[in-house]
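An overview of the molecular structure
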Amino acid sequence: MSTLPSQATDRSQLILALSKGRIFEDTLPLLAAAGITVTENPETSRKLILPTNDPNVRVLIVRATDVPTYVQHGAADFGVAGKDVLFEHGGEGLYQPIDLNIARCRMSVAVKAGFDYETAVRQGARLRVATKFTEMARQHFAKKGVHVDLIKLYGSMELAPLVGLSDAIVDLVSTGSTLRANNLVEVEEICDISSRLVVNQAALKLKRARLQPILEAFERASQSA
Ligand SMILES: Nc1ncnc2c1ncn2[C@@H]1O[C@H](COP(=O)(O)OP(=O)(O)OP(=O)(O)O)[C@@H](O)[C@H]1O
Ligand SMILES: O=P(O)(O)OC[C@H]1O[C@H](OP(=O)(O)OP(=O)(O)O)[C@H](O)[C@@H]1O
């Protein structure tokens with residue numbers, strides 16, 4: 001007799017979507033405040049579903065830009081994603097109760113040193129702007145009344161002005177060392193960025209009793225950080 005394949009995730013569990021790297025690292029203290037410890041390290045494990053000390057909580061390791069998609073469709077109950085990523089996604093189907101104040105940086109416009117951005121804007125030049133964050137860039141330049149041709153890239157944006165692919169980039173800046181290392185200068189700050197907790201709207205209703213204490217612990221820990 002054939003049996004149905006067991007599901008990778010048990011829907012009675014709470015499933016948290018996180019990306020490897022800074023968001024995973026910065027979320028660990030928040031999880032600890034809720035009494036949850038991830039018992040495998042995503043940097044050394046090849047597993048994409050990680051166990052925790054709580055048999056009812058598991059962690060999915062996904063690309064940062066995919067976190068909202070997993071949560072929107074209910075494949076994860078909740079997740080942590082940057083404001084940048086949420087802005088590009090649109091936030092459909094997501095409840096965003098808490099700014100966790102982690103992975104803080106800013107979204108900025110940068111150009112090659114020597115490029116006169118102010119004059120180009122004042123003269124109404126049409127700018128070529130390379131970015132991964134096309135929606136944020138589109139809205140920013142539309143608000144300023146600047147005409148732009150957006151060039152979608154998926155990484156290494158800093159290269160684009162250096163090789164003549166674009167006049168400017170829209171990218172995340174924290175210390176500014178990546179811009180400096182590539183002879184670029186920040187000419188305009190668009191907005192501050194930090195990461196938010198996002199919750200699937202159906203899970204919020206159906207799993208509220210189990211989610212609520214975790215959300216409260218995250219909120220307390222992120223306020224005291
Ligand atoms: N230098 C930085 N300092 C602080 N926070 C940052 C920095 N760069 C990015 N972030 C924030 O951390 C989030 C995750 O960044 P991370 O570099 O881990 O993913 P990514 O490589 O940009 O995403 P993907 O893998 O989907 O391309 C970003 O969405 C942003 O909100
Ligand atoms: O101002 P800084 O402190 O230099 O930080 C800015 C850099 O940080 C991010 O890259 P990240 O380190 O995440 O590398 P990645 O985009 O290749 O993941 C971002 O895309 C910038 O390149």
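Scope of this entry: the structure provided in the associated data block.

About the thresholds
- Residues numbered from 1 in each chain as written.
- Chains lettered and ligands numbered in written order.
- Predicted model: local features only at pLDDT ≥ 70, side-chain atom pairs only at ≥ 80, totals over all residues.
- Heavy atoms only, no water.
- Helix = DSSP H or I, 4+ residues; strand = E, 2+ residues; numbered from the N terminus.
- Contact = heavy atoms within 4.5 Å.
- Polar contact = N/O pair within 3.5 Å; in protein donor to acceptor, adjacent residues only side chain to side chain.
- Near = heavy atom within 4 Å.
- Areas by Shrake-Rupley, 256 points an atom, 1.4 Å probe, with all protein chains shown as cover.
- 1 Å grid on protein atoms, 1.4 Å probe; cavity = no way out; pocket = protein on both sides within 12 Å on 5 of 7 lines; lining within 4 Å.
- Sits in = over half its atoms within 2 Å of the grid points.
- Nonpolar A, V, L, I, M, F, W, Y, C, P; charged D, E, K, R; others polar.

In this section: the environment of Thr27. Topologically, Thr27 is positioned in helix 1 (residues 22-33). Sequence-wise, Thr27 and Val71 are 44 residues apart; in three dimensions their C-alpha atoms are separated by 16 Å. Ignoring any residue separated from it by four or fewer positions in sequence, one finds Thr27 in contact with Leu18, Val80, Ile102 and Phe218. Within the local environment of Thr27, its side chain forms a polar contact with the backbone oxygen of Ile23, the two atoms lying 2.6 Å apart.

Before going further, it helps to examine the site of ligand 2. Around ligand 2 sit Arg22, Glu158, Asp171, Leu172, Val173, Ser174, Thr175, Gly176, Ser177 and Thr178, and that is every residue in its neighbourhood. Within the side chain of Glu158, a nitrogen or oxygen atom sits 2.8 Å from an oxygen atom of ligand 2. A distance of 2.5 Å separates an oxygen atom of ligand 2 from a polar atom in the side chain of Thr175. Considered on its own, ligand 2 offers 500 Å² of accessible surface; in the complex 56% of this is hidden by protein. One can see that ligand 2 is located within the largest pocket. Sorting the residues of the shell around ligand 2 by element identifies strand 9 (168-173) and helix 7 (177-181) as the ones contributing at least two each. Partitioning the shell around ligand 2 into residue classes produces two nonpolar, five polar and three charged.

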